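Structure at a glance
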Amino acid sequence: MSSGMLKIEWAAQYMPVLAAIRKQFEKEKPFAGMTIGMALHVEAKTANLVTTLAAGGAVVHITGCNPLSTQDDVAEALNTVKNVHCYARRACTVEEYYEAINKVLDAQPVITIDDGMDLIHYIHTKRRDLIKKVIGGCEETTTGIHRLRSMAAEGKLEFPVVAVNDTPMKRFFDNVHGTGESALTSIMITTNTLIAGKYVVIAGYGYCGRGLAKKAHGLGAKVIVTEVDPRRALEAHMDGYSVMTMEKAAALGDIFITTTGNTSVINGKHFKKLKEGAILSNAGHFNVEIDMGWLHDHADNVVQREGIETFMLKGKAVHVLAEGRLVNLATPKGMGHPIEVMDLSFALQALCARFIAKSGKKLKGGVYDVPQEIDEEVANRKLSSLGLSIDSMTQEQKKYLCSWDIGT
Ligand code: NAI
């Protein structure tokens, strides 16, 4: 068996929820006669989503959503699966990246599944011939949803898209635990340095930031949080972390992880204050959070190591991991989120794609929440795969929660 197929099989063992959905899809064939276009990180867990959709009758065309996150052996293995076509290649040029997006769109997908909104953006700007053909889409990540909501607010989103990212079964697990564990794992494996006792600066105390802070603290780090939202800053303070501006944190931090979805969060004025040997990394979707342009313009010298660029700034070394791209996926050994977490996220994707296949034609252009029954179905399937049972409300309890005149 090829190395890519062995990786796909390894992941499959830890994806019981997706496996159950696949069995159901094999019988129901909800995508019979449909082409699905995908732009996701092409690695073993994603491959299991792809084969699940194909088992449901779809012809799947997929490419990457980040030039550094593709695992070439998995991409190769996917191309041996019936009704699957994969165009992703690691370390492709920007031109090749968009060529691959175009190839997916040449297949005329009726459903899109994005992580960062590249397919939907391309369809609405450069491939408008496809707009009428697309029934709808699913979007995986926070940054993609931000962009989609901006489009929808301007009335420019012309088909329905399910905000898979925004549902509890995604954010509570994928963003918090997935990013939390995998970004730290990637930093440790790439640098082989210790977290314990270090100042770890987390920029952004959203879902990803909370997970990162908690896990870095668990490893013995002294965690500093930077924020722009006063409520989240206060939450970080009461969760026990130091809160300060990036300008102050820059002078203290040993390891930095940005996860804001925003741009230039660590920039020229901060680089000047960094300690010798500071390690910078980004876990946000795009490579805009660390101002890489400034570093390239101002460095006297740049030393390249596997997954690490060292910028010499007037004799001071500043290390940046994975070119400032998603550190959990874009370092040479980055594996992305733990498999069990992606089992949940991809179970949501599979069921939301089925929802679009069934009901998309009835929906107008816009961003839609994941239907509650899908969110609950994934949670219930996961609980039962773990052998866990929970209580259910009695009639009396249901009535109590719906009444207003409860007496005092
Ligand atoms: P979120 O919206 O819950 O949190 C972002 C936080 O950053 C907010 O609290 C916001 O106030 C803060 N922020 C914004 N600008 C800031 C600035 N200049 N300085 C400090 N804080 C600032 O978003 P979430 O879900 O935590 O996602 C964050 C990013 O991570 C997004 O780009 C998302 O797409 C990406 N993501 C990455 C994953 C990965 O595998 N690495 C997985 C999931 C999400």
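1. Here's the deal with the domain arrangement of the chain
Partitioning the chain into structural domains gives domain 1 (3-170 + 339-385) and domain 2 (176-330). For domain 1 versus domain 2, the separation of C-alpha centres amounts to 29 Å. In this complex, domain 1 contributes 14 residues to the contact, which on the side of domain 2 involves 11 residues. The contact between domain 1 and domain 2 buries some 980 Å² in all, and 63% of this surface belongs to carbon and sulfur atoms. Together, N66, L68 and T143 form the three largest contributors to the area buried by domain 1 at its contact with domain 2, with a combined 43%. One can count 0 salt bridges joining domain 1 with domain 2. Applying the counting criterion to the domain 1 and domain 2 interface returns 2 residue pairs in polar contact (both at pLDDT 80 or more). The residue inventory of the side of domain 1 that touches domain 2, partitioned by class, reads 4 nonpolar, 6 polar and 4 charged.

2. Thoughts on unusual backbone geometry
Backbone geometry at M117 places phi at a positive 75°, although glycine is not the residue there. One non-glycine residue, E323, lies in positive phi territory at about 60°. Assignment of secondary structure puts E323 in the loop between β14 (316-321) and α14 (327-330).

Conventions adopted
- Residues numbered from 1 in each chain as written.
- Predicted model: local features only at pLDDT ≥ 70, side-chain atom pairs only at ≥ 80, totals over all residues.
- Heavy atoms only, no water.
- Domains from an automatic or database assignment.
- Contact = heavy atoms within 4.5 Å.
- Buried area = accessible area lost by both parts, 1.4 Å probe.
- Salt bridge = Lys/Arg side-chain N within 4 Å of Asp/Glu carboxyl O.
- Polar contact = N/O pair within 3.5 Å; in protein donor to acceptor, adjacent residues only side chain to side chain.
- Nonpolar A, V, L, I, M, F, W, Y, C, P; charged D, E, K, R; others polar.
- Helix = DSSP H or I, 4+ residues; strand = E, 2+ residues; numbered from the N terminus.

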